[in-house]
Amino acid sequence: MNEVLKDKKPILLSGIQPSGHLALGNYVGAMRNWVQMQHDYLGIFMVVDMHAITVRQKPADLRNRCLSFAAQYLAAGVNPDDNVIFIQSHVPQHAELAWVLNCYTYLGELNRMTQFKDKSKRHDDNINAGLYSYPALMAADILLYQTDLVPVGADQKQHLELTRDIANRFNNTYSPTFKVPEPFIPKAGARIMSLQDIDKKMSKSDKNENNYISLLDPPDVLRRKIKRAVTDSAREITAESLTQPGIGNLLSIFAVLNELQPTEVVSRFEGQQYSGFKGELADSLVAFLEPFQDRYDKIMGDKSYLTSVLDEGAKRARYMASKTMSKVYRKIGFVPVGRS
Ligand code: TRP
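Residues numbered from 1 in each chain as written. Predicted model: local features only at pLDDT ≥ 70, side-chain atom pairs only at ≥ 80, totals over all residues. Heavy atoms only, no water.

## Focus on the packing of aromatic side chains
Next up, step 1: Taken as a whole, this structure holds 13 aromatic pairs when the rule is applied.
Next up, step 2: Ring centres of Tyr 27 and Phe 288 lie 5.3 Å apart, and the angle between their planes is 65°; this geometry places the pair in the edge-to-face category. Linking Tyr 27 in helix α2 (residues 24-37) with Phe 288 in helix α13 (residues 274-300), this pair joins segments that are 261 residues apart in sequence.
Next up, step 3: For Tyr 27, a relative accessible area of 14% translates into the label buried.
Next up, step 4: Plain terms: the ring middles of Trp 34 and Phe 45 are 4.3 Å apart, the flat faces sit at 10° to each other, and that makes the pair stacked. Of the two residues, Trp 34 is situated in helix α2 and Phe 45 in strand β2 (residues 42-47); the sequence distance between them amounts to 11 residues.
Next up, step 5: You can call Trp 34 buried: its relative accessible area is 1%.
Next up, step 6: Of the residues examined, Phe 45 reaches a relative accessible area of 0% and is grouped as buried.
Next up, step 7: Lying across the ring of Tyr 212, Lys 225 places its NZ or CZ 4.9 Å from the centre. (Phe/Tyr/Trp six-rings, centres within 6.5 Å; stacked < 30°, edge-to-face > 60°. Helix = DSSP H or I, 4+ residues; strand = E, 2+ residues; numbered from the N terminus. Buried < 20%, exposed > 50% of the residue type's maximum accessible area, 1.4 Å probe, protein only. Lys NZ or Arg CZ within 6 Å of the ring centre and 35° of its normal.)

Following this line, the structure appears as structure tokens:
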């Protein structure tokens, strides 16, 4: 059908929920790896809007964020010719397979999901069935495309394990239908922490904007956030700084931005005041994000280009997904359309 899909590269799949603001943590933990791996894998990168509605969203914000996130994938360097980039709800097979997989997922399994427990605590006015069965939708996202590899941070490991269990259960009940995906654990040092709550992971949906660096923050905001970032009461960088929560995180951010080893950063700044280092870190951040933001603005200014990328991505995705879906329906005993 399509040159990209004829490619026999293994499949790498990931998705980000369009909530909050894409943060430096998302870039380092996810998007950067997508870009680095896109030559060896066929990347399937989604904006998972169907997941986002498990908590209430303002319609206009959701719409804008979906487009903005997709544009940021592109601005980060994900090549739309070599990858499949789309918005989840544009591919109806996600909802179809999620329903089927719900019937192969046990309540006992869903009850163990720690993200459900966390999110129900945070949104205790809206503990809906979608939030509960969300892992079946995530399993569908992955299994629809016969995915080989899913990059996962600590918070998604449990969902990927469940996906593997569901795939094996289905395959064993019928016959091999789904590829059982492997986790890809990004290398250590990829975990960026919150700037204020220094023992929490940097979250794009944090209520306190000072906790994260948005990829779209303007220079003055970037500088202010770094200046205010929490550090310990020592004032100078030493060999031990890397293991200190606040300053250690800032040092590893500097390392990532400048493609250095964290220990190289420490030797460069050893003996210097935190304040001087923070100034240089802010400069690095601005230098890193400015070209990203320029590319982003260009893409957002050309809506017909963005639309065509997303349409093409969804078309490729529907084609791949429909193959899996017809296998699934046939195996479970659904009557094929047009036959009796
Ligand atoms: N559940 C993931 C999260 O909250 C997002 C997600 C949805 C995802 N479907 C996926 C991630 C498939 C990887 C693969 O971050």
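Now that the structure is up, let's keep going.
## Remarks on the pairing of strand β1 (residues 11-16)
Next up, step 1: Where burial is concerned, most of β1 is hidden: five out of the six residues are buried.
Next up, step 2: Pairing of β1 with β2 involves six bridges; the strand directions are parallel. Paired with Ile 11 across the strands is Leu 42, a residue of β2.
Next up, step 3: Note on the crossover from β1 through α2 to β2: the handedness is right-handed. (Pairing = 2+ DSSP bridges. Right-handed = clockwise from strand over helix to strand, strands pointing away.)

## Looking at the side chain of Ser 284
Next up, step 1: By the element assignment, Ser 284 lies in helix α13.
Next up, step 2: You can call Ser 284 buried: its relative accessible area is 12%.
Next up, step 3: A polar side-chain atom of Ser 284 sits 3.2 Å from a polar atom in the side chain of Asn 258.
Next up, step 4: Excluding residues that lie within four positions of it along the chain, Ser 284 makes contacts with Phe 254, Leu 257 and Asn 258. (Polar contact = N/O pair within 3.5 Å; in protein donor to acceptor, adjacent residues only side chain to side chain. Contact = heavy atoms within 4.5 Å.)

## Remarks on the domain arrangement of the protein
Next up, step 1: Partitioning the protein into structural domains gives domain 1 (2-185 + 303-332) and domain 2 (209-297).
Next up, step 2: Opposite the 13 residues of domain 1 that make contact, domain 2 presents 13 residues.
Next up, step 3: Approximately 1100 Å² of surface area, both sides summed, lies buried where domain 1 meets domain 2, with 73% of it carried by carbon and sulfur atoms.
Next up, step 4: Between the two partners, domain 1 and domain 2, sit zero salt bridges.
Next up, step 5: Scanning the region where domain 1 abuts domain 2 turns up four residue pairs in polar contact (both at pLDDT 80 or more).
Next up, step 6: If you list the elements that add at least two residues to the side of domain 1 that touches domain 2, you get α2 and α4 (59-75).
Next up, step 7: Per-element tally for the side of domain 1 that touches domain 2: the top contributor is α2, with five residues.
Next up, step 8: Along the lines of polarity and charge, the residues of the side of domain 1 that touches domain 2 split into nine nonpolar, three polar and one charged. (Domains from an automatic or database assignment. Buried area = accessible area lost by both parts, 1.4 Å probe. Salt bridge = Lys/Arg side-chain N within 4 Å of Asp/Glu carboxyl O. Nonpolar A, V, L, I, M, F, W, Y, C, P; charged D, E, K, R; others polar.)

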